[in-house]
Amino acid sequence: MAAALNPPQRAAIRYLDGPLLVLAGAGSGKTRVITEKIAYLIDCCALDPCHIAAITFTNKAAREMQERVGKLLAGKRLNGLTISTFHALGARILREEATALGYKPSFSILDASDCFAIVAELTGSTDKGAIRRCQSQISNWKNALISPDQARQQAQTDGDLLAANAYASYAATLRAYQAVDFDDLIVLPVTLFDQQPARREKWQNRLRYLLIDEYQDTNTCQYALLQGLAGPRAAFTAVGDDDQAIYGWRGADIDNLRRLPDDYPQLKVITLEQNYRSTGRILQVANALIANNEKLFEKQLWSALGHGEPITVTASKTSELEAAAVVMKLQAHRFEHRGEFRDYAILYRGNFQARPFEQALRDQRIPYLLSGGQSFFDKAEIKDLLAYLRLLANPDDDPAYLRAISTPKRGVGASSLQILGAYAGRRHCSLFAAASEQGFASQLPPRLLEAIEKFSGLVRRLQASAARQPASAVLTELLAAIDYEDWLHQREERRAAQAKWANLQDFCAWLGKKGDDEGKSLLELTQGIALSSTLDKNEADIDAVRLSTLHAAKGLEFKHVFLVGLEEGILPHRESQADGRLEEERRLMYVGITRAQRSLHLSYAERRQQGREWLPCQPSRFIAELGSENLRFSGGKQAAVPDKASASQRLAMLKAMLAEKR
DNA sequence: GCACTTTATGTTTTT
DNA sequence: CATAAAGTGC
């Protein structure tokens, strides 16, 4: 761990004369450069930690970096050091500068499904695909810093104009709700910095040195935020790898990497090419694969770790058999190498591919951790509770109001809410505000009105209690007040109800702990949750096989990696055959390969169930691109009968299993 | 008008 | 399999 730094690494850490771009190949120690540079700034340059900001793309990466810096500077005070995602930093700026932008600091952060519902409502469309396209169009406009007016002017077709109009009313709706979406967390600070130089300078003075991880994944708007924060001093280190750009679909623009030398002529570029992670074979196939892409910056990764095991390619008849084969092979490999489960990762393109692997692992009683997939905070029971919390913080949050008032059911149904909504629309106020107005009382029969007023009373009571009590007490009171546990048991099977209740307890415990430990208010906690997808608890110590999407695996490394579902239509994905996107799929495969330290196993199925139909699959073109000299094939038609190697593997596994059961 | 039950339906990747 | 729309009792 404490290996000496190589010369380019050391240069990257010590270089402080201006903007710096570190082109860091996979496994070349880029996280180490960032963490050691933070330590260097604090230790050797006596920079106060509160003036340093390291920006990552995922919460996981931020947490890991925090941990590593903590270890590196054990005992030192790190108060005020910022290590967060772009979005979390944006939220922090926004919270502090809300009033300057016409927002309350208690703004709500809408999740993707809230936004989907709003777009659906505004366009009056029932076509899910069309709504999603419109939603992503709006997101693209925002990320490119194009205003609704500009979008309208640029509209070419009627469809464009329709979407641009939807964009305008979408923006107005969010403002009325005192709510922002994920994109706004970056866009609004950028707008603010653009319009009010004094605010920009305040933040430039606060965050004096910036370190940006995964720079290749920034979009236009994130780059603008970066430029705003860096200012003319341009004291920053951007670390990135054009071969690992895999977020183009989210608006990330590799052009930001190309533009950096133009925008900052004094930019220093340092390339890290020595890989400390993988064996020679793994790097050879990775290099062979990525050579098929148009290169932005030339680099050739090399490793001093020796040649390593051959890379295996396994064909299976179906996706279920693939899962069984991979799990069996994993088990055999683990026994042979006396490894631990945590050394193994199974990586795939889409979350839906996890299912058969989960099943196979459960069958074999192998512990596993599933990362990605349905986010913890996307579970219905958590979102129910969160709706109440959002509403307490921000009564204008109509999506939260709608969810809270109908969970649990309290005699207020769709038609009452429609009347309330219409009234609120006429009065230009939120649902919550409308419900207490005199004018509204005459619109409904007394029975229904009473139910609504009872709800308003509940919200006010909880608001009062949130003002003077810690988060955990408010949660307890809230759950008791709405009888959530009883309601769960009424409408769900016992097991399901218990599982959901347990989730809620976990959630409350986590919230309470975070509130106490970090002294965060209910408001900050609620806003923070919108930006995270998992309860970030310590998973590092759990000995379990990791299951992850390729996207979620970026930045991680594993001794042994199984890359599964390598079929045309899956990787590369069916809808991404256009050339720009095919290269991104190739980079995704590249990211998967370069996660592996010691061994790499590829696999694909010959048939896969899609919906109700079985469709034949072709092996991914990317397998052929790896070259055959480092691959060893098994399975498929030519190897229907187990060969000696796999027979002896099975025997070894059986023996080991018997030994383990004593 | 409201709430609960049945039935169709569908999957890229994340903050 | 889990969610979301349509249908049925109260």
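> Summarise the overall build of chain A; cite the residues concerned and give the values.
Summing up its helical and strand segments, chain A has 29 helices and 18 strands in all. Its C-alpha atoms give chain A a radius of gyration of 27 Å, within 12% of the compact-globule value 26 Å for 662 residues. On the principal axes, the C-alpha backbone points of chain A span a range of 85 × 60 × 60 Å. Out of the 662 residues in chain A, the part that is buried amounts to 51%. For chain A, the proportion of contacts with a sequence separation of at least 24, taken over those separated by at least 6, is 78%. Per element, the accessible surface of chain A, about 30,800 Å² overall, is 50% carbon and sulfur.

> Tell me about the packing of helix 14 (residues 319-337) against helix 15 (residues 354-363), and name the residues and values.
Where helix 14 contacts helix 15, the axes come no closer than 8 Å and their chain directions differ by 45°. Looking at the two axes, helix 14 sits oblique to helix 15. Between helix 14 and helix 15 lies a crossing whose hand is right-handed. Residues Ser319, Glu320, Glu322, Ala323, Ala324, Val326 and Val327 of helix 14 touch helix 15, and the partners they reach there are Pro356, Phe357, Ala360 and Leu361. Residue composition of the contact of helix 14 with helix 15, by class: 8 nonpolar, 1 polar and 2 charged.

> Run through the packing of aromatic side chains, naming residues and quoting values.
Throughout the structure, instances matching the rule amount to 13 aromatic pairs. Look at Phe377 and Phe507: their rings are 6.0 Å apart centre to centre, the planes differ by 70°, and that puts the pair in the edge-to-face class. Of this pair, Phe377 sits in the loop between strand 13 (368-370) and helix 16 (380-393) while Phe507 sits in helix 24 (residues 494-517); the two residues are 130 residues apart in sequence, bridging distant segments of the chain. Phe507 carries the same exposure label as Phe377, and that label is buried.

> Which residues make up the pattern of salt bridges, and what values go with them?
Summed over the entire model, instances satisfying the criterion amount to 34 salt bridges. Taking the shortest distance from any N to any O, the salt bridge between Arg608 and Glu322 comes out at 3.5 Å. With Arg608 in strand 16 (residues 596-610) and Glu322 in helix 14, the pair connects residues that are 286 residues apart, well separated along the chain. When sorted by exposure, Arg608 lands in the same class as Glu322, which is buried. Salt-bridge contacts for Arg586 lead to Glu625; the nearest nitrogen and oxygen are separated by 2.8 Å. Here Arg586 is found in helix 27 (residues 579-593), whereas its partner Glu625 is found in helix 28 (residues 621-625), with 39 residues between them in sequence. The buried category is assigned to Arg586, whose relative accessible area is 6%. Among the residues examined, Glu625 registers a relative accessible area of 19% and is labelled buried. The structure contains a network of salt bridges with shared partners spanning Lys30, Asp213, Glu214, Asp217 and Lys554.

> Outline the protein's contact with DNA strand B, supporting the account with residue identities and numerical values.
Taken together, 28 residues lie near DNA strand B, and Arg349, Asn351, Gly411, Ser415 and Ser416 sit nearest. Near the protein, within 4 Å, the atoms of DNA strand B are sugar or phosphate in 59% of cases. Trp249 places a side-chain nitrogen or oxygen 3.1 Å from a base oxygen of DNA strand B. In this structure, a phosphate oxygen belonging to DNA strand B sits 2.4 Å away from a side-chain N or O atom of Ser416. Going through the elements one at a time, helix 18 (414-427) and helix 26 (550-553) are the ones with two or more residues in the surface near DNA strand B. In terms of residue count, helix 18 provides more of the surface near DNA strand B than any other element does, 3 residues in total. When the residues that make up the surface near DNA strand B are grouped by side-chain class, the tally is 9 nonpolar, 13 polar and 6 charged.

> With reference to specific residues and values, describe the sheet that holds strand 2 (residues 52-56).
Reading across from one edge, 3-2-6-7-1-8 is the order of the 6 strands in this open sheet, with parallel pairing throughout. Single-partner strands in this sheet number two, and they are strand 3 (82-85) and strand 8 (268-272). Here the strands of the sheet are splayed against their neighbours by 15° on average, with no regard to which way each runs. For strand 1 (residues 20-24) and strand 7 (residues 236-240), the ladder comprises 4 bridges, and the chain directions are parallel. Bridge pairing links Leu20 to Thr237 in strand 7. Against the sheet, helix 2 (residues 30-43) contacts strand 1, strand 2, strand 3, strand 6 (209-212), strand 7 and strand 8, and its axis sits at roughly 170° relative to strand 6. Strands in contact with helix 4 (residues 86-97) are strand 2, strand 3 and strand 6; relative to strand 3, the strand with the most contacts, it is inclined by about 110°.

> Can you lay out unusual backbone geometry for me, pointing to particular residues and giving the numbers?
Pro408 follows Thr407 through a cis peptide bond whose omega is -10°. Within the fold, Pro408 resides in the loop between helix 17 (398-405) and helix 18. The omega torsion across Leu571 and Pro572 is 5°, close enough to zero to call that bond cis. Positive phi, normally seen in glycine, also occurs at Ala46, with a value near 55°. Residue class for Ala46 comes out exposed when judged on its relative accessible area of 66%. One non-glycine residue, Arg338, lies in the positive phi region at around 50°. In this structure, Arg338 sits in the loop between helix 14 and strand 12 (344-348).

> An account of the side chain of Lys554 is requested, with residue identities and associated values reported.
For Lys554, the position within the fold is in the loop between helix 26 and strand 15 (558-563). Once you skip the residues sitting within four places of it in the chain, Lys554 turns out to touch Glu214, Gln216, Asp217, Gln244, Ile246, Tyr247, Val591 and Arg595.

> So what's going on with the environment of Arg175? Residues and values would help.
Note that Arg175 resides in helix 8 (residues 158-176). When the C-alpha atoms of Arg175 and Tyr103 are compared, they prove to be 7.8 Å apart, with 72 residues separating the residues in sequence. Excluding anything up to four places from it in sequence, Arg175 contacts Leu101, Gly102, Tyr103 and Leu188.

> If you had to explain the environment of Ala151 to someone new, which residues and values would you point to?
Summarising the element assignment, Ala151 is placed in helix 7 (residues 148-154). Spatially, the C-alpha atom of Ala151 lies 39 Å from that of Leu566, the residues being 415 residues apart in sequence. The residues contacting Ala151, other than those within four sequence positions of it, are Trp141, Ile146, Ala164 and Tyr167.

> Go over helix 22 (residues 471-481), please, and point to the residues and values.
When we look at burial in helix 22, the residues that qualify are Ala471, Val474, Leu475, Leu478 and Leu479. Projection of helix 22 onto a plane perpendicular to its axis shows the buried side chains occupying an angular sector of 130°, all on one side. Opposite the buried face of helix 22, by more than 90 degrees, sit the exposed residues Thr476 and Ala480. Contacts from the buried residues of helix 22 go to helix 16, helix 21 (446-468), helix 23 (484-491), helix 24 and helix 25 (522-530).

> Summarise the nonpolar core; cite the residues concerned and give the values.
Ranked by size, the top nonpolar core spans 51 residues in total, and within it Tyr401, Phe455 and Phe507 carry the most contacts. Setting aside chain neighbours within four positions, we find Phe455 in contact with Tyr388, Leu391, Tyr401, Ala404, Ile405 and Arg410.

Reading the values: the criteria
- Residues numbered from 1 in each chain as written.
- Chains lettered and ligands numbered in written order.
- Predicted model: local features only at pLDDT ≥ 70, side-chain atom pairs only at ≥ 80, totals over all residues.
- Heavy atoms only, no water.
- Helix = DSSP H or I, 4+ residues; strand = E, 2+ residues; numbered from the N terminus.
- Rg over C-alpha atoms; globule rule 2.2 N^0.38 Å.
- Buried < 20%, exposed > 50% of the residue type's maximum accessible area, 1.4 Å probe, protein only.
- Contact = heavy atoms within 4.5 Å.
- Areas by Shrake-Rupley, 256 points an atom, 1.4 Å probe, with all protein chains shown as cover.
- Axes fitted to C-alpha atoms, helices over the stretch in contact; angles between N-to-C directions.
- Parallel < 35°, antiparallel > 145°, perpendicular 65-115°, else oblique.
- Left-handed = near helix turned anticlockwise from the far one by under 90°.
- Nonpolar A, V, L, I, M, F, W, Y, C, P; charged D, E, K, R; others polar.
- Phe/Tyr/Trp six-rings, centres within 6.5 Å; stacked < 30°, edge-to-face > 60°.
- Salt bridge = Lys/Arg side-chain N within 4 Å of Asp/Glu carboxyl O.
- Near = heavy atom within 4 Å.
- Polar contact = N/O pair within 3.5 Å; in protein donor to acceptor, adjacent residues only side chain to side chain.
- Pairing = 2+ DSSP bridges.
- Arc of directions from axis to C-beta.
- Core = buried A, V, L, I, M, F, W, Y, C linked by side-chain atoms within 4.5 Å.

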